[in-house]
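# Structural features, examined
As a plain string of letters, each chain reads:
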Amino acid sequence: MSIVRSILRSPLAAALTAPHGVDRYVELVHPAWSVRDVRGTVTKLIRETPTTTTLVIKPNGNWTGHDAGQFVRVGVELSGVRHTRCYSVSSSAHRRDRITLTVRAKEGGFVSQHLAHHAKEGDVLALSPAQGEFVLPALRPRRLVMISGGSGITPVMSMLRTLEDEGHDGDVTFLHYARSRDELIYADELANVNARVLVAFGTVFHPSHLSSINLERAEIFLCGPEPMMAAVRACGLPLHEERFTSEPLRPATDGGTIHFRRSRVRTGCDGKTMLEIAEASGLNPESGCRRGICHGCTQRKVSGVVRDLRTGAVSDAADEDIQLCVSAPVGDVTLDL
Ligand SMILES: Cc1cc2nc3c(=O)[nH]c(=O)nc-3n(C[C@H](O)[C@H](O)[C@H](O)COP(=O)(O)OP(=O)(O)OC[C@H]3O[C@@H](n4cnc5c(N)ncnc54)[C@H](O)[C@@H]3O)c2cc1C
Ligand code: FES
């Protein structure tokens, strides 16, 4: 198989299959096959709660594994259009042949509703390599505190499962917030892990909830809804944080023209992000969270001024990498896209 893969990855194969590339032909044989891209086949669905489903996924040979806490960008074809979102890998870092993603169906959410309620065994998903800095330190800390809320449990569950597989015998406290017992994800497993598990139902985080937890020299990992994360942050503790969403973006009010140089497309701006403008122009740049978190949409700006819609700051540096999903042009901008 590795000889076949080497041949398919060769410049000759690329030349023979131009302009579409080898993968366009390989995936016709089987949708999960690809010379370079990571793809995963859904092998099992676990209904965790009425709104949340775990997808057990068999990645193809291009998957190189994940560190506990990392996420992947997941591409789903819906009505012929690929939509990409980020999902934390919830399985142990030691289980490479099968990974799990646990998806909560967001009310009105486009991709999460599909994955949580309509995905089926045999579906093939496009996956990015695992990414993100929210990971367990390589030298496992003796004391860990994990604080999560709602679907924010997924990356810390990967950490907990990884530590379980390693037989970690340190001091681990797992503090989780769920709206109700019915909405508690992984309930059975949490009852049997080698950690002190504290679950709060239908209540919001209060600093007093930390009073029974030994925080001395603890590495603290936090992931959950933004108000909960802000409340924990206000305690002033050193934290490792993962965010699933960001503050609302400012409106893109500056005008201008964007030149997508490699695509030979020039277009005006109409109050959208540069990612939206590229897509509306028929381009299909990589993306993920669409909120400035995953860096999946980073492209090289050749010239011009852009505004960061999170902070309002402008940047005029030539040849800089920008995140298209949180940038808007101020005047004329040229991108190497
Ligand atoms: C690092 C990270 C890890 C995450 N891990 C998990 C996890 O483990 N479990 C989990 O349940 N969730 C997780 N999320 C949240 C997840 O990525 C989605 O935001 C969530 O599932 C809602 O997606 P949706 O498509 O259903 O919602 P939508 O509201 O439809 O879309 C969410 C975002 O996509 C954009 N969008 C809306 N419509 C379109 C469109 N037509 N085309 C393209 N983009 C559009 C919007 O700007 C919106 O910000 C994670 C997010 C991040 C950043
Ligand atoms: S799509 Fe994630 S940073 Fe832009």
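Scoring rules and cut-offs
- Residues numbered from 1 in each chain as written.
- Chains lettered and ligands numbered in written order.
- Predicted model: local features only at pLDDT ≥ 70, side-chain atom pairs only at ≥ 80, totals over all residues.
- Helix = DSSP H or I, 4+ residues; strand = E, 2+ residues; numbered from the N terminus.
- Rg over C-alpha atoms; globule rule 2.2 N^0.38 Å.
- Contact = placed C-beta atoms within 7 Å.
- Near = placed C-beta within 6 Å.
- Nonpolar A, V, L, I, M, F, W, Y, C, P; charged D, E, K, R; others polar.
- Domains from an automatic or database assignment.
- Pairing = 2+ DSSP bridges.
- Axes fitted to C-alpha atoms, helices over the stretch in contact; angles between N-to-C directions.
- Buried ≥ 20, exposed ≤ 12 C-beta atoms within 10 Å, placed from the backbone.
- Core = buried A, V, L, I, M, F, W, Y, C linked by C-beta atoms within 7 Å.
- Expected span 1.5 Å × (residues − 1).

With that settled, consider the overall build of the protein chain. Looking only at helices and strands, the protein chain has 8 helices and 17 strands in total. Relative to the globule expectation of 20 Å for 337 residues, the C-alpha radius of gyration of the protein chain, 22 Å, shows essentially globular dimensions. Taking the principal axes of the C-alpha coordinates as reference, the protein chain spans close to 60 × 50 × 40 Å. Nonlocal contacts in the protein chain, meaning residues at least 24 apart in sequence, comprise 62% of its contacts between residues at least 6 apart.

Here the focus is the site of ligand 1. Taken together, 23 residues lie around ligand 1, and G109, F110, V111, S112 and T154 are the ones closest in. Looking at the shell around ligand 1, the elements that each hand over two or more residues are strand 4 (81-88), strand 5 (99-104) and helix 4 (110-118). The greatest single-element share of the shell around ligand 1, amounting to 5 residues, is contributed by strand 4. Tallied by class, residues from the shell around ligand 1 come to 10 nonpolar, 8 polar and 5 charged. Domain assignment of the residues forming the shell around ligand 1 places at least three in each of domain 1 (2-127) and domain 3 (257-335).

Moving on to the sheet that holds strand 9 (residues 196-201). Pairing within the open sheet is parallel, and its 5 strands lie in the order 9-8-7-10-11. A strand with exactly one partner marks an edge of an open sheet, and here the two such strands are strand 9 and strand 11 (240-242). On average, each strand axis in the sheet is tilted by 10° relative to the strand beside it, whichever way the strands run. In this sheet, strand 8 (residues 171-178) lies alongside strand 7 (residues 143-149) in parallel orientation, the contact comprising 7 bridges. Opposite R143, over in strand 8, you have D171 as the bridge partner.

The 6 strands lie next to each other as 4-3-6-1-2-5, forming an open sheet whose pairing is antiparallel. The two strands at the open ends of the sheet, each matched to only one other strand, are strand 4 and strand 5. The sheet shows a mean angle of 40° between the axes of neighbouring strands, direction not considered. Direction of pairing for strand 1 (residues 38-49) relative to strand 2 (residues 52-59): antiparallel, over a ladder of 8 bridges. By the bridge assignment for strand 2, V42 is matched with I57.

All right, on to the domain arrangement of the protein chain then. In terms of domain boundaries, the protein chain breaks down into domain 1 (2-127), domain 2 (143-242) and domain 3 (257-335). For domain 1 versus domain 3, the separation of C-alpha centres amounts to 26 Å. Across the contact, 4 residues belong to domain 1 and 5 residues belong to domain 3. Considering every element that reaches the side of domain 1 that touches domain 3, the biggest residue donor is strand 4, with 3 residues.

Turning to its location among the elements, R140 is positioned in the loop between strand 6 (124-127) and strand 7. Judged by the 16 C-beta atoms lying within 10 Å of it, R140 is partly exposed. Separated by 172 residues in sequence, R140 and G312 place their C-alpha atoms 39 Å apart. Here R140 is in contact with L163, H168 and G170, once residues within four sequence places are set aside.

Side chains of nonpolar character tend, in soluble globular proteins, to be buried together. Of all hydrophobic cores here, the largest spans 30 residues; its most connected members are M146, V156 and M159. Sorting elements by how many residues they give to this core places helix 5 (residues 153-166) first, with 6 residues. When sequence neighbours within four positions are dropped, the list of residues in contact with V156 reads M146, S148, F221 and C223. Among the nonpolar cores identified, the runner-up in size contains 23 residues, and F71, Y87, L125 and C289 belong to it.

To continue, consider helix 5. Look at helix 5: 20 Å from first C-alpha to last across 14 residues, which is about the 20 Å you get at 1.5 Å a residue. With 11 of 14 residues buried, helix 5 lies mostly within the body of the structure. Those residues of helix 5 hidden inside the fold are in contact with strand 4, strand 5, strand 7, strand 8, strand 10 (219-223) and strand 11. Phi turns positive one or two residues past the end of helix 5, at G167, with a value near 65°.

The next thing to look at is the pairing of strand 12 (residues 257-260). Where burial is concerned, the two faces of strand 12 differ: the one with I258 and F260 is buried and the one with T257 and H259 is not. The loop that links strand 12 with its antiparallel partner strand 13 (residues 265-268) comprises 4 residues; one of these, R264, has a positive phi angle of about 55°. Looking at chain direction, strand 12 and strand 17 (residues 327-335) are connected through 3 bridges and run parallel. Each residue of the ladder has a partner; that of H259, found in strand 17, is T334.

Moving on, we get to the environment of H168. Take H168: it is sitting in the loop between helix 5 and strand 8. What makes H168 partly exposed here is the crowd of 19 C-beta atoms within 10 Å. On a C-alpha basis, the gap between H168 and P141 in space is 9.5 Å, while along the polypeptide they are 27 residues apart. If sequence neighbours within four positions are ignored, H168 has contacts with R140 and L163.

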